[in-house]
Structures are given as structure tokens and as C-alpha cells.
Amino acid sequence: MTFALRLAACLLTLAAMPAFAAWDLPQLMTELARNQGGRALFTERKYIALLDKPVVSSGEMHYRAPDYLEKRTLSPRLELMVLDKDEISLERGKQKITLRLREQPEVLAFVASIRGTLSGNRAALEQNYALHLSGQRDNWTLNLSPSNPRIAELVTRITISGSRQQVRSIEYLQADGDRSVMSIEPVDAR
Amino acid sequence: MTRLSARPVLLWLLGLALCAGVALRAHYTADMSAFLPRSPTPAQQLLVDQLTEGVLSRLLLVGIEGSTPAARAELSRGLARRLEDGGLFLSVRNGDAAILARDRELLFTHRYLLSPSVSPERFTPEGLHAAISESIDLLASPMGMMLKSLLGRDPTGELVELIGSLDTSGSPSSDKGVWVSRDGQRAILMLQTRAAGSDTDAQALAIARIRSDFADLASEAKLSDARMLVSGAAVFAVNSRAAIESEAVRLSTLGTTAVILLLLLIYRSFTAVFLGLLPVASGALAGIAAVALGFGTVHGLTIGFGTTLIGEAVDYSIYYFVQSDDDEDGGWMKRFWPTIRLGVLTSIFGFASLLFSGFPGLAQLGLYSIAGLVTAAMVTRFVLPHLRPARLHIHDIAPIGRALAGFWAWLSRLRLVVPVLGLAAAVILFANKDHVWSSSLSGLSPVSAADQALDQSLRADLGAPNLRYLVVLKAASREAALERAEAVGERLRGLVAEGVLAGFESPARFLPSTATQQARRNALPERDVLARNLQTALADLPLRADRLSAFLDDVDTARSQPLLTPEALRGSTLALAVDSLLLERPQGWTVLIPLRTPDGDAPFQRARLEAALDGSDALFVDIFGESNNLYRTYLDEAILLSLAGILAIIVLMGVVLREPMRLVRVMVPVVTAELIVMAGLVATGHMLTLLHLVGMLLIVAVGTNYALFFNQADRNPGDDPRTLASLLLANLATVIGFGILALSPVPVLQAIGITVGPGAVLTLVLSAMLAHRIDR
């Protein structure tokens with residue numbers, strides 16, 4: 001009886017193991033790291049307490065592994081944001097701002113959340129966030145909770161979801177209760 | 001000493017006392033003043049203002065290196081606190097976040113007076129709708145992050161309007177809350193001294209204060225591995241004054257010692273050596289006194305130049321002692337004095353040309369040399385004979401002269417070499433004619449290359465403004481100045497829109513004229529009008545009017561807000577921006593509008609700018625071009641003046657010597673020596689500057705003496721061993737005096753040294769070659 005139970009437990013464990021091993025954080029990271037880049041359309045909604053309706057913006061994104069990300073907003077106003085290695089630049093109308101990430105630790109932390117996810121760099125993510133993964137390979141959700149208090153002052157939680165190596169949405173829940181949701185639709189690479 | 005009661009001696013002593021009195025009370029300087037024009041054009045006046053009084057002249061850049069980033073940030077904050085309390089600085093900036101927050105608060109409180117968008121139309125339903133829609137759209141952008149918390153109070157986005165129009169590019173990087181260099185290895189502070197840049201003493205005090213405060217902080221914090229660097233125009237002025245002062249003392253001491261040793265060796269008489277130096281000392285003192293009286297201040301360079309007088313004025317007493325030894329009283333006076341007198345006269349003619357220079361540095365040198373040489377000659381002629389003990393005999397140096405006679409005779413057989421050398425030198429000069437003269441002011445700068453490199457790197461770290469292109473306005477009052485700045489700003493905005501300019505700064509940005517501020521304040525509607533308009537404007541927007549009561553409150557407050565005054569800005573970074581661009585001058589107010597040119601290699605479209613400014617009597621100034629122009633003007637003028645001086649010398653000698661052939665024999669060695677020296681300098685990679693030119697005038701002054709002695713009408717020095725020996729001795733003294741200058745690390749002194757040293761030897765040798773031999 002006891003033996004039978006033990007055997008059953010063993011079998012159960014054996015049976016359960018492949019299911020666990022099939023989808024965990026290292027695997028997600030490996031899969032994400034395989035994504036060499038591509039183009040995508042995005043729609044971003046910002047829910048702001050002061051406003052009755054969300055502010056919606058849309059445009060296209062371009063990612064090239066591991067550290068080039070371009071976000072071109074087409075509506076409501078043209079805007080270009082480029083993240084290239086250590087530099088982030090923002091162009092809107094005649095204005096252009098360039099920041100060096102090294103000098104702006106908070107901005108760097110934000111950038112690390114998305115760049116770390118896109119490139120599957122777990123170490124970079126864990127510098128500032130506690131990670132929690134749920135879901136399956138085709139429909140996963142990665143929760144980032146800031147471990148750095150200076151980031152926690154700005155953002156409570158970042159939720160990234162996707163399927164396989166493709167990020168589908170990024171949600172920022174800000175400390176003041178406002179939130180923004182960006183949904184991403186990949187455009188087939190030619 | 002005999003016959004001390006003689007009148008010339010008394011006069012001399014009285015003169016010495018007077019000169020000493022003047023020299024002791026004189027004001028000494030080593031700043032840029034020697035390089036500034038005496039009668040500047042308006043553009044040059046601006047350059048002068050900037051160099052002596054302007055922001056640039058008061059700006060000190062401090063870099064903190066070594067140790068850890070956190071320690072550097074802590075030192076930067078500590079130093080800023082101490083220096084702010086010290087009272088020597090108008091402003092101390094290190095990028096401290098608290099100060100930036102204070103500035104932003106000031107801008108936010110006064111946004112309706114400052115924002116160029118404020119107009120009656122802005123607050124109509126249409127205007128509000130457009131402005132608020134824009135703000136809401138901006139929320140979609142990361143740029144809108146800052147705006148979100150302000151939306152309730154500033155829905156029309158005036159602060160964004162204000163900050164957006166600020167020059168954010170090129171602002172310094174920050175780390176740990178303070179400014180750092182691009183590579184993060186250096187914490188940076190930017191200081192503005194209270195004292196003007198031309199007040200070198202006060203600047204020296206301020207710099208010493210920075211150093212001692214830093215040393216205290218570092219030792220308190222036990223950070224022995226932290227270093228501090230200071231740069232800026234004032235540091236250059238203080239350092240170069242110290243360098244020139246110490247150099248002048250060191251070189252004078254060295255030169256004097258060497259000449260004394262030489263004279264002792266030859267004369268073997270302490271009395272003779274002492275007496276021989278009296279004309280030199282008197283001349284130097286008279287020179288300083290003359291400059292102090294003539295110019296009000298004596299430049300350090302002039303003093304440094306004083307060492308050169310040792311080499312020249314000592315010649316007179318050498319001629320006197322050597323040639324008059326064993327003479328009956330009066331013999332020397334009759335035979336040699338006319339020759340020396342002519343030599344002194346030619347020197348005066350040469351240096352007098354410098355007096356007319358628009359370059360005060362050169363004019364000072366001219367006056368100094370004339371006063372010094374005349375005094376030395378007069379003392380030799382009228383005072384020395386009275387002071388000379390009756391039984392004074394110097395060691396007979398005729399044997400040296402006799403030993404040289406053969407060599408001299410041999411030299412004169414080589415006379416055909418002279419034209420060959422002259423021709424070769426002329427060819428070298430002609431082949432290099434485009435780079436004989438240095439065309440930039442930097443050739444004259446007493447600042448070492450290392451100091452300049454440090455300044456460049458600190459400036460680059462800070463993204464300190466490149467003030468090359470400026471628009472300058474003048475007005476009678478501050479208000480008028482601000483109004484005109486606004487009018488010109490309107491014209492410039494057109495050029496910015498067209499891409500001719502990347503941007504510009506204006507004092508009216510943070511301190512609009514009263515008229516403009518009043519117009520903006522009057523544009524603000526009453527509370528219920530605004531509330532009504534807002535209701536209409538928000539009809540199709542996702543923002544409800546009841547969330548904007550803070551906006552209504554703020555506009556209401558702004559309607560009765562006092563206008564922004566310079567006093568209200570006091571203590572903020574904004575005040576510094578205004579003060580540095582709006583200057584009060586005795587003759588009125590001056591506005592500086594620095595222009596930023598577009599990035600890239602496209603040449604600046606100066607014509608477009610001048611067309612846009614046409615009719616506004618605003619002046620466009622290219623500072624870099626202006627300072628080089630200024631220098632070129634000096635150089636061209638100095639070359640012309642020197643040529644005029646040489647021409648005057650030729651005429652003078654033509655009149656005195658009366659024989660064309662003697663004139664040729666006197667002038668050819670001098671001119672040939674000049675050509676060879678110039679060619680030599682050019683061939684060894686030197687670019688000639690104003691100071692080389694001064695050196696060449698000195699060659700004329702010294703060299704004509706030799707040439708004249710070799711070409712006395714009745715005799716040949718080759719036949720008179722004593723004259724020959726005196727010439728050789730005088731030449732040695734000159735070469736020692738200038739040879740020592742050539743070793744100086746101060747470029748301006750070195751330039752004179754390497755010109756005159758070889759020039760003096762060459763003139764003597766060439767004169768000997770061409771001397772007319774009276775064969776008997």
C-alpha cells in the first residue's frame with residue numbers, strides 16, 4: 001500500500017515534470033532572445049484620472065536585437081522615439097531631446113523593462129524588478145514588480161504578455177493610479 | 001668718487017628719485033589689456049567688453065577628479081555651499097537638482113507673464129480648445145509625463161511652451177544630482193566671480209579661495225585621492241601674470257649676473273662694473289616711470305622686456321670704459337660720442353614707430369625703450385665721467401682686439417658672401433611668403449598649451465555656450481534695451497523657422513519688457529469670462545471644466561500679479577542668464593543675443609542674417625573672426641610702422657653721414673641680418689608674431705651701432721684694437737641678455753630672445769665683412 005502510494009507519487013511526479021519544464025522563465029527568456037527583431041504596429045491607451053476618456057496614440061515600432069528600438073507615433077501627432085544602445089532620443093515637431101541612459105537611472109530602469117524583455121535578458125530585468133511568470137507558452141504573462149524604491153515611486157507594476165517569442169502587450173500601472181496599455185501587432189517580416 | 005657736487009650728478013639723482021617714486025606707485029597688470037585696441041570699432045569694443053568685464057571674463061570652470069563618483073558629488077555640493085557663502089562669487093552652479101527645482105517654480109509662478117503664447121486669442125473658446133487639445137495630445141508622448149501633474153493648473157501648457165523654447169541641447173550631464181563630464185569621470189561646477197575679469201588681483205583672490213576651500217573639504221572628508229582643476233580667462237590672466245613676473249625677475253637676475261661676470265672678467269675692476277651698470281639701471285627705471293606716466297598702467301610684458309635693455313644699454317658704458325681708457329678727458333667725447341649719439345638716435349627713430357601703434361602693448365614697449373635708451377646714453381655721457389674716479393683703470397683689453405684683428409681682416413675678404421646670404425634668405429622668405437606671419441592672436445598668448453587644452457575640455461564637458469556669433473543692441477535704458485531685444489527676437493524667430501539659425505538666447509526670454517508683460521497680463525480674461533469660454537472649449541474634449549478650478553484660480557491671481565522685475569529673479573539661474581546678456585555700461589545698456597547655428601557643415605548664412613537685421617541697427621559680431629581681424633590689423637599696422645621707422649632711420653643716417661656709400665655700408669649688414677634671421681625662423685618652423693617684429697626693431701637699434709663703428713669716416717676699427725674689443729664685448733653682453741630670454745617658457749619673451757640673439761651676432765659679423773678698409 002505504502003509502496004503503491006510511493007510509486008504512484010513517483011509516477012505522478014514524473015508525469016508532472018515535463019509539463020513544468022515545458023514553460024518557465026529561463027525558457028521564455030531563451031525564446032525571446034531568439035527574436036532578432038522586426039516591425040509591429042502599436043496602439044497605446046493612457047487612462048488618466050483627470051480625463052474622461054483614454055488618450056489613444058498609435059504608430060509603428062521597429063526592433064533590432066539586442067538594443068535598438070524605434071517607436072514612431074503617427075497619431076495624434078508625429079513623434080519619433082529612438083532607443084539606441086545608451087542613448088534615447090525623442091523628436092517631436094522642432095523639438096529634439098537626447099538623453100544618455102547612464103545619467104538617468106530612472107529612465108534606464110523603464111527602458112530596461114522593455115528592452116530586457118524584448119531581448120530576453122533576465123539579469124537586466126532582475127536588477128530592478130521581481131519577476132513572476134504565469135500562463136503557457138502560447139499565452140504567457142510576465143509581471144514585473146519594481147524592487148528599486150525610486151522606480152516604485154513612479155510605477156507599481158509592469159505587465160507584459162505575449163505568445164512564444166512575441167510580446168503582445170505592455171501595461172504600466174503608475175503609482176498615481178493612472179495606467180497605460182500598449183498593444184502590439186507584429187507585421188510579417190519580409 | 002670725485003666731484004659729486006657736479007650739477008649733472010645732482011640732476012641724475014633727483015631724476016632717479018622721481019622715477020623710483022613713480023614706479024613704486026604705478027599700477028602693474030598682466031591681463032589682456034595690452035592686447036586690446038586703443039580706438040576700437042563698435043565690434044571690437046564689444047570684444048573688449050567681453051574680455052574685460054563680460055560673462056566670459058568672469059567665468060571659472062572647476063573640475064573635480066579622482067576618488068569615487070559619490071565622493072565627487074559630495075565635494076561638488078560642499079564646495080558650492082562654501083563658495084556661495086564666501087561672497088566672492090555672483091553665482092555658483094553645479095547642477096544641483098534643488099536649484100533647478102527652484103528655477104522651475106519661478107517659471108511656473110510667472111508663466112502668464114513669460115509665455116510668448118499669451119495673447120487675448122489664447123483665452124477665447126477657440127484658442128483654449130486648440131491649446132488644451134495640444135496638451136492632451138502631448139500626454140500621449142513621453143514628453144507629456146511632466147505635464148500630467150500640471151494639467152489641472154496649466155491646461156494650456158504655458159510651462160511646456162516656456163521650457164520647450166529653452167535651449168536644452170548641450171546642457172551638462174548629471175550624476176548623483178550634480179553636473180559631471182560626458183564620461184562621468186569629473187564633477188563640474190560653473191562659477192561667476194563678482195570681480196570683473198580685468199581685476200586680476202581680485203580674480204587671484206577668488207581662485208585662491210576655491211583652492212583653499214577645496215583643500216579643506218577634501219582633508220575633512222579624508223579624500224586625499226580627489227583633485228581639483230580650475231580654468232577660465234581669469235586663471236589664464238593670473239597664471240600668466242605670475243609667470244611673467246617670476247620670469248622677469250629670474251631672467252633679469254640671470255642676465256645681470258652673467259653680464260656682471262663678463263664685465264668683471266674683462267675690466268678686472270669692481271668700481272668699473274658698478275659704474276657700468278648705472279646707465280642700465282637708470283634706463284630701466286626711467287622706462288617704467290615713463291610708461292606709468294604715459295599709460296597709467298604698466299604691463300608685465302613691458303617689465304619682462306626690461307631685461308632686454310640690459311643687453312643694449314650696457315653697450316654704451318662698455319664703449320665708454322673701453323674706448324676712453326687712458327684717454328685725456330674729453331678725447332672720447334669728441335671721437336666716439338657722435339657715433340654713439342647717432343646710434344641712440346636711430347634706435348629712437350626705430351622705436352618711435354611703435355608709439356603710433358594702436359596696440360597698447362607695442363606702444364608701451366616703444367615708450368619704454370626710448371625712455372630707457374635715452375636715459376642710459378645720457379647717464380653714460382653726462383654722469384659717468386663725473387663719477388669716474390680719476391685713477392680708475394680697467395684691465396687693458398687691447399690685446400684681445402689685436403688678437404682679433406687678423407680674424408677681422410679675414411672676414412672682410414668674405415664680403416661677397418653677404419649678398420649671397422641675403423639673396424638666399426630672400427628666396428626662402430619668398431617661397432614661404434604665405435606662412436611667414438602668424439595670423440592668429442594665439443601666437444601672442446602667454447597661456448600655455450596645456451592650460452588651453454584643460455579649458456577646452458572643461459568647456460566641452462559643460463556644453464558651455466559657444467559665443468562665436470552674437471547680435472548686439474544698444475539702448476539708453478533697460479526697458480528700451482528689452483523692447484529692442486524683443487523686436488530683434490521677432491526677426492530672428494523668422495530665421496529659426498527657415499532653418500538659417502538653430503536658435504538664439506535673449507535676456508527678454510526671462511525678463512520681458514514691462515510693455516510686453518503688461519500686454520500679456522491684460523490678455524488674461526476675468527474669471528467668469530474664462531469659465532464660460534472654457535465650458536465652450538471643452539465641449540468635445542475628454543476634460544471637464546470642473547476639474548480646472550485651479551486653472552481659473554491661477555489666471556485670476558496672475559491678473560493682479562506684480563510684473564516680473566530683475567529683483568524677483570535675483571538668486572536664480574534665470575537672473576544669471578539675464579545678467580549675462582543684458583549689460584549696463586557707462587554709456588547705456590547693451591544686449592547680447594548669442595546665436596546657435598544649425599548642426600552640420602553648412603556654412604553660416606551671414607548674408608541672410610544681416611538682411612534680416614537690416615534697418616534695426618542691431619550689430620552682428622563674429623567674435624572669433626573679430627579677434628583675428630583685430631590681430632591682423634595690429635600686425636599689418638606694426639609691419640607698416642616698422643618699415644616707416646626703418647625708412648626714417650635711413651633718412652636720418654643719410655643726412656648725418658652725407659656719403660651714400662657709407663649709408664649703404666651701414667644699412668646693408670643690418671638689413672641682411674634681418675633677412676637671415678627671418679628666414680632662419682621661418683625655415684625652423686616658426687610663425688612670426690608681433691614680438692618677433694619688435695625683436696627685429698631691436699636688431700636695427702643694436703646693429704646700427706656696430707655698423708656705424710665699423711664705418712667711421714676717418715678710421716677703421718680693424719686698426720684700433722680697443723674699439724674692436726669694445727664692439728666684441730658689447731656684442732657678447734647683448735647676446736647674453738637676449739640669449740637668456742630665448743630660454744624663457746613665456747612665448748612672448750622667447751620670441752624676442754631667439755630673434756635678437758642671432759641677429760646681434762650676425763649684424764656684427766656682417767658689418768665687419770663690409771667695413772670699408774682704409775688701406776695705408
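Refer to the preceding data block for the structure.
Residues numbered from 1 in each chain as written. Chains lettered and ligands numbered in written order. Predicted model: local features only at pLDDT ≥ 70, side-chain atom pairs only at ≥ 80, totals over all residues. Heavy atoms only, no water.

Novice: It is not clear to me how the overall build of chain B should be interpreted in this structure. Could you clarify?
Specialist: Across its full length, chain B carries 31 helices and 13 strands. For chain B, buried positions account for 55% of its 776 residues. In chain B, once contacts between residues fewer than 6 apart in sequence are set aside, the share between residues at least 24 apart is 83%. (Helix = DSSP H or I, 4+ residues; strand = E, 2+ residues; numbered from the N terminus. Buried < 20%, exposed > 50% of the residue type's maximum accessible area, 1.4 Å probe, protein only. Contact = heavy atoms within 4.5 Å.)

Novice: Sorry, what's going on with the interface of chain B and chain A here?
Specialist: When the parts of a complex come together, some accessible area is lost, and that lost area is often taken as the interface size. Listed by partner, the interface residues are 22 residues for chain B and 25 residues for chain A. Between Arg77(A) and Glu134(B) there is a salt bridge, and its shortest N-O distance comes to 2.1 Å. The set of elements that each furnish at least two residues to the side of chain B that touches chain A consists of α7 (125-139), β4 (173-175) and α20 (478-498) of chain B. If one sorts the elements of the side of chain B that touches chain A by residue count, α7(B) sits on top with five residues. For the side of chain B that touches chain A, the per-class residue count stands at eleven nonpolar, five polar and six charged. (Salt bridge = Lys/Arg side-chain N within 4 Å of Asp/Glu carboxyl O. Nonpolar A, V, L, I, M, F, W, Y, C, P; charged D, E, K, R; others polar.)

Novice: Before we go on, may I ask you to explain helix α29 (residues 690-710) of chain B in this structure?
Specialist: Because each turn of an α-helix spans 3.6 residues, side chains separated by three or four positions in sequence point in the same direction. Residues and elements named next belong to chain B. The end-to-end C-alpha separation of α29 is 30 Å, in line with the 30 Å expected for 21 residues at 1.5 Å each. Of all the bends found along α29, the most pronounced is centred on Gly703 and spans about 25 degrees. With respect to burial, α29 is a largely interior element, 21 of its 21 residues being buried. (Expected span 1.5 Å × (residues − 1). Bend = angle between axes of the 7 residues up to and from the residue.)

Novice: Help me out: how do you make sense of the nonpolar core in this one?
Specialist: Most often, soluble globular proteins have nonpolar side chains that are buried together. Residues and elements named next belong to chain B. Core analysis: the largest hydrophobic core is formed by 103 residues, its most contacted members being Tyr267, Ile318, Phe321 and Leu690. Of the residues forming this core, the biggest block, 13 residues, is contributed by α29. Setting aside anything within four residues of it in sequence, one finds Phe321 in contact with Tyr267, Ala272, Leu275, Gly276, Leu384, Arg388, Leu392 and Ile394. Of all hydrophobic cores here, the second largest spans 39 residues; its members include Leu159, Val471, Leu495 and Ala508. (Core = buried A, V, L, I, M, F, W, Y, C linked by side-chain atoms within 4.5 Å.)

Novice: Please clarify how unusual backbone geometry should be interpreted in this entry.
Specialist: Across the chain, the bulk of peptide bonds are trans and the bulk of non-glycine residues have phi less than zero. Cis peptide bonds are those with omega within 30 degrees of zero, and the linkage from Ala65(A) to Pro66(A) qualifies with 0 degrees. By the secondary structure assignment, Pro66(A) is in the loop between β2 (55-64) and β3 (68-75). Phi at Arg164(A) is positive, roughly 50 degrees, even though this residue is not glycine. Topologically, Arg164(A) is positioned in the loop between β9 (155-163) and β10 (166-174). Judged by its relative accessible area of 35%, Arg164(A) is partly exposed. The backbone phi angle of Lys222(B) is positive, close to 55 degrees, even though this residue is not glycine. Note that Lys222(B) resides in the loop between α10 (200-220) and β7 (226-231).

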